[in-house]
There are 2 protein chains.
Amino acid sequence: MKRVFFALLAFSLTLAFSAPALAGERDALPSWNAGASKQSISDFVARVTTEGSADFVPPAERIAVFDNDGTLWAEQPFYAQFFFAVDRVQALAPQHPEWKTREPFASLLKGDMKAALAGGEHAILEIVMATHAGMSTEAFEQLVKDWITTARHPVTKRPYTEMVYQPMLEVLAYLRESGFKTYIVSGGGIEFMRPWAEAVYGVPPEQVIGSSIKTKFEMVDGKPVLMRLPELSFLDDKGDKPVGINLHIGRRPIAAFGNSDGDLQMLQWTTAGSGPGFALYVHHDDAGREWAYDHPSAVGQLDKGLVEAAAKGWTVVSMKNDWKLIYPVTKQ
Amino acid sequence: MKRVFFALLAFSLTLAFSAPALAGERDALPSWNAGASKQSISDFVARVTTEGSADFVPPAERIAVFDNDGTLWAEQPFYAQFFFAVDRVQALAPQHPEWKTREPFASLLKGDMKAALAGGEHAILEIVMATHAGMSTEAFEQLVKDWITTARHPVTKRPYTEMVYQPMLEVLAYLRESGFKTYIVSGGGIEFMRPWAEAVYGVPPEQVIGSSIKTKFEMVDGKPVLMRLPELSFLDDKGDKPVGINLHIGRRPIAAFGNSDGDLQMLQWTTAGSGPGFALYVHHDDAGREWAYDHPSAVGQLDKGLVEAAAKGWTVVSMKNDWKLIYPVTKQ
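Keep in mind that this is a model prediction, so the values were computed, not measured.

**Q** Quick question: what am I supposed to make of the overall build of chain A here?
**A** Across its full length, chain A holds 14 helices and eight strands. With respect to the three principal axes, the spread of C-alpha positions in chain A is 65 × 50 × 45 Å. Across chain A, the fraction of contacts at a sequence separation of at least 24, relative to all contacts at a separation of at least 6, is 66%. In the structure as shown, chain A presents an accessible area of about 14200 Å², 57% of it carried by carbon and sulfur atoms. Of the side-chain charges in chain A, 32 are positive and 39 negative, and the distance between the mean point of each set is 4 Å.

Shown next, in the form of structure tokens:
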């Protein structure tokens, strides 16, 4: 019995490892127009998955990292997590009468985002701490779950989870079929993404890396809880993206996907290994179907990254020309 | 072709998921004496892997966490990582003439560990920072790899990697065969364990959680590096073990293995979920084959943990009575 099992398993694994070829037969990236961008992805996958090839990479080392905001889902007119915080401010306002006269809350409550954000990073941090801390990790998870299923994007009125990029969902799935482990490495909150990342992207909680606030172990009525403290622990952006990758994964990725200068160091780190490395920028140039922006931009600025991508021959995806569609087709 | 593949894969998976039963046939824990401790492990595995059982846990949620020092390998007369640091102090001494008269280095260089450690935590931190920082992550990894293959334990003169506990290696393998993902959650340095944890324990880098110092992304001669800074980032002990688990895994484990009061919060956290939870303490009571200690002890103190284990019915392993052997049998 055992012998039969192992023989079948070995046979299935042999087939499984030739899956990339099968994937090639059926077009693993149907929402991508034929062209250099699409070709660069499938060429890279073929190179690292073909046994005997000089660039073959064993499955355990096939790590791919994806930025989230602007790379896997839309980030305009502002990050989704910010709108979550705004909704929390509205919900908590009755318990905070002082917010009526205190910035940035006063402007937020009046619906004046621009004035609220005039305080820059400090204002954002104040809003985040007031809305993301002071509760257990379990309570926060529930808040996020409730919000993500009900909230609507201010412009499109679609659920945020339907503003993910269909072509990128296909890249995620294609890489996983090809033996890759896919990680999210985002400036967004790690505990803001985990509650829905598996259902939406197929990325389990342990493969989500993000910014975090401190948490503290406490016993409450004899039950252990992790309380969320109003103190930043890690800001997963720029040079700290490789830091987060090293801390959580402990291996250098071989493929990295981003859309902004905040992802540049992650792409540099990924392509600086001794073996093959792939770097891709999503360029937002589709004002008709999404947004067109690179620099200067308050959100997702892409300036230095474009220069380096050109110099190093990284893939730069034109959303307008390379993608047949932006968002998944949904029955509504 | 594809249809055949999926049929075979489905059949193999069906067999794979009945692997625990097969494991039961052949005794997955041969170095364990029959008794309550061994039984508690196999009973728990059967409960969570039997489909239809009220306690069935889907494979993705079968997370098991293991302390390292004193749980997977020996920690007496002092932590292995400390001896690594001592060896680094010896190697670096020629570049640091000031150490001859500066504590704790002066005592260390004279071989007087007790005097060196008289400075307590502060002294240990000084030694760690002087020996673990000021280089790239890649350079540190190489130092650890070189050391772990050549260093010998001061008492047994065995390589440290041969002072791992054979019965615990069997638990790790048994859980993995049963669909578990096994993690190390240690007060030891995350980058001290990763270079050898996969070869020794079968635990890949991304499943190692530990203490860390800060790292900083830098460009050196056009090549990105992560430099190790002499600043503590995270001390993965006591209440911060659940914090580290939450940060890295984002799911509550269902099984936890420790040996000291430093693991108590991890065991509490693991068993406080809504589903089944298993907690096990390794009790060092074998002065003949290993060491006998619980409390008071400078290393691996186990006091409160014993009280709570008794109250909650956790498994407490007697190394003397439950284990047929301590270390793996090696050809030497």
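**Q** Whenever I open this one, the nonpolar core confuses me. Can you help?
**A** Among soluble globular proteins, nonpolar side chains are generally buried collectively. With 67 residues, the main nonpolar core has Met168(B), Tyr201(B) and Phe257(B) as its most contacted residues. For this core, the leading source of residues is helix α4 (residues 80–92) of chain B, giving eight residues. Filtering out sequence-adjacent residues up to four positions away, Met168(B) remains in contact with Trp32(B), Phe66(B), Thr71(B), Leu72(B), Phe257(B), Val282(B) and Trp323(B). Counting 65 residues, the second-largest nonpolar core is a separate cluster that includes Leu92(A), Met135(A), Ile190(A) and Leu280(A).

**Q** It is not clear to me how the packing of aromatic side chains should be interpreted in this structure. Could you clarify?
**A** In this description, an aromatic ring pair is defined by two values, namely the gap between the centres and the angle between the planes. Residue and element names in this part refer to chain A. In this structure the tally under the stated criterion is 40 aromatic pairs over all chains. A centroid spacing of 5.3 Å and a plane angle of 55 degrees characterise the contact between Phe78 and Tyr79, whose relative ring orientation is tilted. Given a relative accessible area of 29%, Tyr79 falls into the partly exposed group. Among the aromatic residues, ring-to-ring pairing joins Trp73, Phe84, Phe140, Trp147, Tyr160, Phe192, Trp196 and Tyr201 into one connected group. Looking at Arg252, its charged tip hangs above the ring of Trp269, at a distance of 3.9 Å from the centre.

**Q** Explain a nonpolar patch on the surface to me, please; I cannot follow it from the model alone.
**A** Residue and element names in this part refer to chain A. A grouping of Leu125, Leu232 and Leu235 is seen on the molecular surface, where their side chains present a nonpolar patch of about 250 Å² in accessible area. One can find Leu125 in helix α7 (residues 120–132). Take Leu125: its relative accessible area is 41%, and that puts it in the partly exposed class.

**Q** Even after reading the chapter, I still don't get the environment of Ser260(B), so can you show me in this structure?
**A** All names here are of chain B. Examined against the element boundaries, Ser260 turns out to sit in the loop between β5 (255–258) and α12 (264–270). By relative accessible area, Ser260 is classed as buried at 11%. If we skip the residues at most four places from it in the chain, Ser260 touches Tyr281, Gly300, Gln301 and Leu302. Within the local environment of Ser260, its side chain forms a polar contact with the backbone nitrogen of Gly262, the two atoms lying 3.0 Å apart.

**Q** Just checking my understanding: could you explain the confidence of the model for chain A for this structure?
**A** In regions of low pLDDT, the predicted coordinates are not meant to be interpreted in detail. All names here are of chain A. Across chain A, pLDDT averages 92, with 92% of residues at or above 70. This model gives residues 1–22 a pLDDT under 50, and the stretch forms 25 contacts once residues within four places in sequence are excluded. Here the complex is predicted with pTM 0.91, and the ipTM for its interfaces comes to 0.91.

**Q** How do you make sense of the pattern of salt bridges when you look at a structure like this?
**A** Side-chain pairing between opposite charges can occur once the charged atoms of the two side chains come close. Within the structure shown, the criterion is met by 34 salt bridges over all chains. Here Arg251(B) and Glu198(A) are joined by a salt bridge, their closest N and O atoms 3.7 Å apart. Of this pair, Arg251(B) sits in the loop between α11 (240–248) and β5 while Glu198(A) sits in helix α10 (residues 190–201), which puts the two residues in different chains. In this structure, Glu308(A) engages Lys312(A) in a salt bridge whose closest nitrogen and oxygen atoms are separated by 2.7 Å. With Glu308(A) and Lys312(A) both in helix α13 (residues 304–312) and four residues apart, the pair spans about one turn of that helix. Judged by its relative accessible area of 46%, Lys312(A) is partly exposed. Through salt bridges with shared partners, a single ionic network connects Lys181(A), Arg251(A), Glu198(B) and Glu206(B).

**Q** Explanation requested: the packing of helix α11 (residues 240–248) of chain A against helix α10 (residues 190–201) of chain B in the structure shown.
**A** The geometry of a pair of packed helices is captured by two quantities: the angle between their axes and the separation between those axes. Where α11(A) meets α10(B), the axes come as close as 10 Å, and the angle between the chain directions of the two elements is 55 degrees. One way to sum up the angle between α11(A) and α10(B) is to call them oblique. Residue-level inspection shows Asn246(A), Leu247(A) and His248(A) of α11(A) in contact with α10(B), the latter providing Ile190(B), Glu191(B) and Arg194(B).

**Q** Can you walk me through the pairing of strand β4 (residues 223–234) of chain B in this structure?
**A** Moving residue by residue along a regular strand, the side chains alternate between the two faces of the sheet. Residues and elements named next belong to chain B. As paired elements, strand β3 (residues 208–220) and β4 share eight bridges and run antiparallel to each other. Paired with Thr215 across the bridge in β4 is Arg228. With antiparallel pairing between neighbouring strands as the criterion, β3 and β4 make up a hairpin whose turn holds two residues, including Asp221 at a positive phi of roughly 50 degrees.

**Q** Just to check I follow, could you spell out the environment of Glu218(A) for this structure?
**A** Residues and elements named next belong to chain A. Structurally, Glu218 can be placed in strand β3 (residues 208–220). Of the residues examined, Glu218 reaches a relative accessible area of 30% and is grouped as partly exposed. Sequence-distant contacts of Glu218, that is, excluding residues within four places in its chain, are made with Lys223, Pro224, Val225 and Met227.

**Q** Hey, could you run me through the pairing of β3(A) in this one?
**A** Strand direction decides the pairing type here: strand β2 (residues 181–189) of chain A and β3(A), joined by three bridges, are parallel. Looking across to β3(A), one finds that Ile184(A) is bridged to Val208(A).

**Q** When you look at the side chain of Arg228(B) in this model, what are you seeing that I'm missing?
**A** Residues and elements named next belong to chain B. The residue Arg228 is located in strand β4 in this model. Polar contacts involving the side chain of Arg228 include one to the side chain of Glu191, which spans 3.5 Å. Filtering out sequence-adjacent residues up to four positions away, Arg228 remains in contact with His132, Ala133, Gly134, Met135, Ser136, Thr137, Phe140, Glu191, Ile213, Lys214 and Thr215.

**Q** Just to check I follow, could you spell out the environment of Glu308(A) for this structure?
**A** Residues and elements named next belong to chain A. With relative accessibility at 18%, the residue Glu308 sits in the buried group. Spatially, the C-alpha atoms of Glu308 and Arg47 are 23 Å apart, while their sequence positions differ by 261 residues. When sequence neighbours within four positions are dropped, the list of residues in contact with Glu308 reads Leu264, Gln268 and Trp314. There is a polar contact of 3.0 Å between the side chain of Glu308 and the side chain of Gln268. A distance of 2.7 Å separates the side chain of Glu308 from the side chain of Lys312, its partner in a polar contact.

Thresholds, definitions, all that
Residues numbered from 1 in each chain as written. Chains lettered and ligands numbered in written order. Predicted model: local features only at pLDDT ≥ 70, side-chain atom pairs only at ≥ 80, totals over all residues. Heavy atoms only, no water. Helix = DSSP H or I, 4+ residues; strand = E, 2+ residues; numbered from the N terminus. Contact = heavy atoms within 4.5 Å. Areas by Shrake-Rupley, 256 points an atom, 1.4 Å probe, with all protein chains shown as cover. Lys, Arg positive; Asp, Glu negative; His and termini not counted. Charge placed at Lys NZ, Arg CZ, Asp CG, Glu CD. Core = buried A, V, L, I, M, F, W, Y, C linked by side-chain atoms within 4.5 Å. Buried < 20%, exposed > 50% of the residue type's maximum accessible area, 1.4 Å probe, protein only. Phe/Tyr/Trp six-rings, centres within 6.5 Å; stacked < 30°, edge-to-face > 60°. Lys NZ or Arg CZ within 6 Å of the ring centre and 35° of its normal. Patch = residues over 30% accessible without salt bridge, like charges linked within 9 Å, V, L, I, M, F, W, Y side chains within 5 Å. Salt bridge = Lys/Arg side-chain N within 4 Å of Asp/Glu carboxyl O. Polar contact = N/O pair within 3.5 Å; in protein donor to acceptor, adjacent residues only side chain to side chain. pLDDT = per-residue confidence, 0-100. Axes fitted to C-alpha atoms, helices over the stretch in contact; angles between N-to-C directions. Parallel < 35°, antiparallel > 145°, perpendicular 65-115°, else oblique. Pairing = 2+ DSSP bridges.

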